Amino acid sequence: MPPTPPGPFTGRSVTDLARDLRAGRTTAAELARLALDAAVTLDPALGAFVTVDPVGAAAAARRADQELAAGADRGPLHGVPVAVKDLIDVAGLPCTMGSRHFAGHVAGSDAACVRLLREAGAVIVGKTTTHEFAYGPTGDRSANGPSRNPRDPGRMSGGSSGGSAAAVAAGMVPLAIGTDTGGSVRIPAALCGIAGFKPAYDAIPTAGVFPLSRTFDHVGVLAAGALDCLIAYRQLATGGPPPARGGAGEAAPVRVGWLDPAVLSPCDPRVVAAAHAAARAAAGAGPGEVRLPGELAEELRETYATVQGAEASAVHADRMARAPELFDPEVLDRLRAAMDLPAWAYVKALDERPALAAAADSLFDDHDVLALPAVPLVAPPLEQRQTELDGRAVAVRAALLALTSPWNVLGLPALTVPAGSVDGLPVGLQLVCRPGREELLFRVAGSPGG
């Protein structure tokens, strides 16, 4: 299918918008109108939005304009349109979690991250499509229908924050908020050709976000480029100091290590080559080589599956017993399979996480940032569940999660940026660091796509 025409925010960064607002070249009301109009004209082909809020957005935009006119400047997001994943409470708006179980549910208060957005002066224009209960990386299982990839609407946006990624990639909004439990910000960002940032665990508060797996849930941000992700993160980070804005150590070279993705998943060699080329460009002299031990990769994979499955089934046990017919069948099958996990396996997996974190930390002994593809393939067609990678049959869901989920187990900051294309479809480069070193990710991202 042909790509979606560019929207009003294509090629316009948050920095550009902030400059235009303060120079009087535009107004928050005009930016909100552009976003709302794009949701009417472009979104029917994409399914990125579940709800738009013209009344609330217009009111927030008027306040933003009045404050700027009075000299009250809340910062770089003041007056900027933002979309919020339909897993996150926005007071007065429906929050359906992509499920018939919550049809008609309206949030009574703002999630903590939404409150921080409002305090920063952002204008919330609507809610974006999520894979049902965020339990899937494909983005094509929702009571609202699938979210589609703007590069090719016949293909997956990725999930579960697929609507947020599609809305940004189509230029309907410059910035969106999502959640990431196993890659749900970075996967759709990579497949749609934009940037997505998952900070360290609990760096952005999750209060008011419907849980998938409390141990691994993160709130993250999506934007066209890495700098806009950084700007948003600085407004939302409360779980620790946000990335430094400068300092004496910033001139030191960043040591980038290329992490061979083959130990985590079979990969399309063309995707690996594109991501590796972007990593070389970012590293200057070329990245060093880092190898994740196979036994550690397997332990991370098993820990992710066990903890996430057990916690997700606990969240939904009552709903599965009371009204199983309201679930999407694929989501219900996965939840039922997770119910079979023994309690001892869940406790054991939690107990082993500190040892896994210590073992993984050694990957940073000689490198500041690890680089690898975000996903091992380009966006698959909607509904596809099996594919072939490098001559091996692979489940699409497992492939999409394979390179992102380890960093949720470890709670490490991870940034995905555009890294070229294969067959006209985007490739993402993923950058990972220790907590507290996030500024290094954004420095490296300046070369490949930020």
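Preceding this paragraph is the structure being described.
Counting restarts for each chain: residues are numbered from 1 in the order of the written sequence. In view of the model being predicted, local features appear only for residues whose pLDDT reaches at least 70, and side-chain atom pairs are presented and counted only at 80 or more, with totals across whole chains, interfaces and linings using the full set of residues. The basis for every side-chain value is the complete set of heavy atoms in the structure, and neither hydrogens nor water enter the calculation.

1. Some words on the overall build of the protein chain
The cut-off we apply is this: In DSSP terms, a helix is any run of H or I states spanning at least four residues, a strand is any run of E spanning at least two, and both are numbered starting from the N terminus. By definition in these notes, contact holds between two residues if any of their heavy atoms fall within 4.5 Å. Counting rule for charge: Lys and Arg are taken as positive, Asp and Glu as negative, and neither His nor the chain ends is counted. We put the charge of a Lys on NZ, of an Arg on CZ, of an Asp on CG and of a Glu on CD.
Looking only at helices and strands, one finds 14 helices and 15 strands in the protein chain. Dimensions of the protein chain, computed from C-alpha atoms along their principal axes, come out at roughly 60 × 60 × 40 Å. In the protein chain, the proportion of contacts linking residues at least 24 apart, taken out of those at least 6 apart, comes to 76%. Looking at the protein chain, you have 39 positive and 47 negative side-chain charges, and the mean spots of the two groups are 3 Å apart.

2. Focus: the pattern of salt bridges
Going by this rule: Between Lys or Arg on one side and Asp or Glu on the other, a salt bridge is scored when a side-chain nitrogen of the former is within 4 Å of a carboxyl oxygen of the latter. For the exposure calls, accessible area comes from a 1.4 Å probe over protein chains only, and a residue counts as buried if that area is under 20% of its type's maximum, exposed if over 50%, partly exposed in between.
Under the criterion given, the structure shown has 25 salt bridges. The salt bridge partner of Arg255 is Asp368, with a shortest N-O separation of 3.0 Å. With Arg255 in the loop between helix 7 (226-236) and strand 9 (256-259) and Asp368 in the loop between helix 11 (343-361) and strand 11 (369-373), this pair connects stretches of sequence that are 113 residues apart. The exposure class of Arg255 is partly exposed, given its relative accessible area of 39%. Asp361 is the salt-bridge partner of Arg434, the closest N and O atoms lying 2.8 Å from each other. One end of the pair, Arg434, is in the loop between strand 15 (425-432) and helix 14 (438-445); the other, Asp361, is in helix 11, with 73 residues separating them in the sequence. Using a relative accessible area of 26% as the deciding quantity, one classes Arg434 as partly exposed.

3. Brief notes about helix 11
Note the following rule: To estimate how far a helix should extend, the number of its residues minus one is multiplied by 1.5 Å.
A rise of 1.5 Å per residue sets the reference length of helix 11, with its 19 residues, at 27 Å; its end C-alpha atoms lie 28 Å apart and thus fit the reference within 8%. The complete set of buried residues in helix 11 reads Ala345, Ala349, Leu356 and Ala360. Looking at the buried positions of helix 11, the neighbouring elements they touch are helix 9 (294-322) and helix 13 (405-410).

4. Focus on the pairing of strand 8 (residues 218-223)
What counts is decided by this rule: Here, strands pair whenever DSSP counts at least two bridges between them.
The element strand 8 is extensively covered by neighbouring structure, given that six of its six residues are classed as buried. Here strand 8 shows no split at all, with His218, Gly220 and Leu222 on one side and Val219, Val221 and Ala223 on the other all buried. The pairing of strand 6 (residues 175-180) with strand 8 spans six bridges and is antiparallel. Bridging across to strand 8, Asp180 finds its partner in His218. As paired strands, strand 7 (residues 195-198) and strand 8 are joined by three bridges and run antiparallel to one another. Residue pairing in the sheet places Phe197 in a bridge with Val221 of strand 8.

5. Re the packing of aromatic side chains
Put simply, the rule reads: Pairs were defined over the aromatic rings of Phe, Tyr and Trp, the Trp ring being its six-membered one, requiring ring centres within 6.5 Å. Orientation was assigned from the angle between planes: stacked under 30 degrees, edge-to-face over 60, tilted for the rest. Placement of a charge over a ring requires the Lys NZ or Arg CZ to be within 6 Å of the ring centre, with the centre-to-atom vector within 35 degrees of the ring normal.
What the rule picks out here adds up to seven aromatic pairs. Ring centres 5.6 Å apart and planes at 20° place the aromatic pair Phe216 and Tyr304 in the stacked group. In this pair, Phe216 sits in the loop between strand 7 and strand 8 while Tyr304 sits in helix 9, placing the two residues 88 residues apart along the sequence. Exposure class is identical for Phe216 and Tyr304. Each is buried. Ring-pair connections join several aromatic residues into one group, and the members of that group are Phe102, Phe133, Phe210 and Phe327. Against the face of Tyr135 rests Arg334, its NZ or CZ located 3.7 Å from the ring centre.

6. Overview of helix 1 (residues 14-23)
How we decide: The reported arc concerns the directions from the helix axis to the C-beta atoms and nothing else.
For helix 1, the set of buried residues is Val14, Leu17, Ala18, Asp20 and Leu21. Seen from one end, helix 1 has its buried residues packed into an arc of 165°, which puts them on one side. In this structure, the buried side of helix 1 is in contact with helix 2 (28-41), helix 3 (54-69) and helix 7.

7. Observations concerning unusual backbone geometry
In the segment running from Gly159 into Ser160, the intervening peptide bond is cis, with an omega of 5°. With respect to the secondary-structure elements, Ser160 resides in the loop between strand 5 (152-156) and helix 5 (162-169). In this model, Phe133 sits at a positive phi of 55°, which is unusual for a non-glycine residue. Its place among the elements puts Phe133 in the loop between strand 3 (123-128) and strand 4 (148-149). Look at Glu383: it is not a glycine, yet its phi comes out positive at around 75°. Mapping Glu383 onto the fold places it in the loop between strand 11 and strand 12 (386-389). For Glu383, a relative accessible area of 45% puts it in the partly exposed group.

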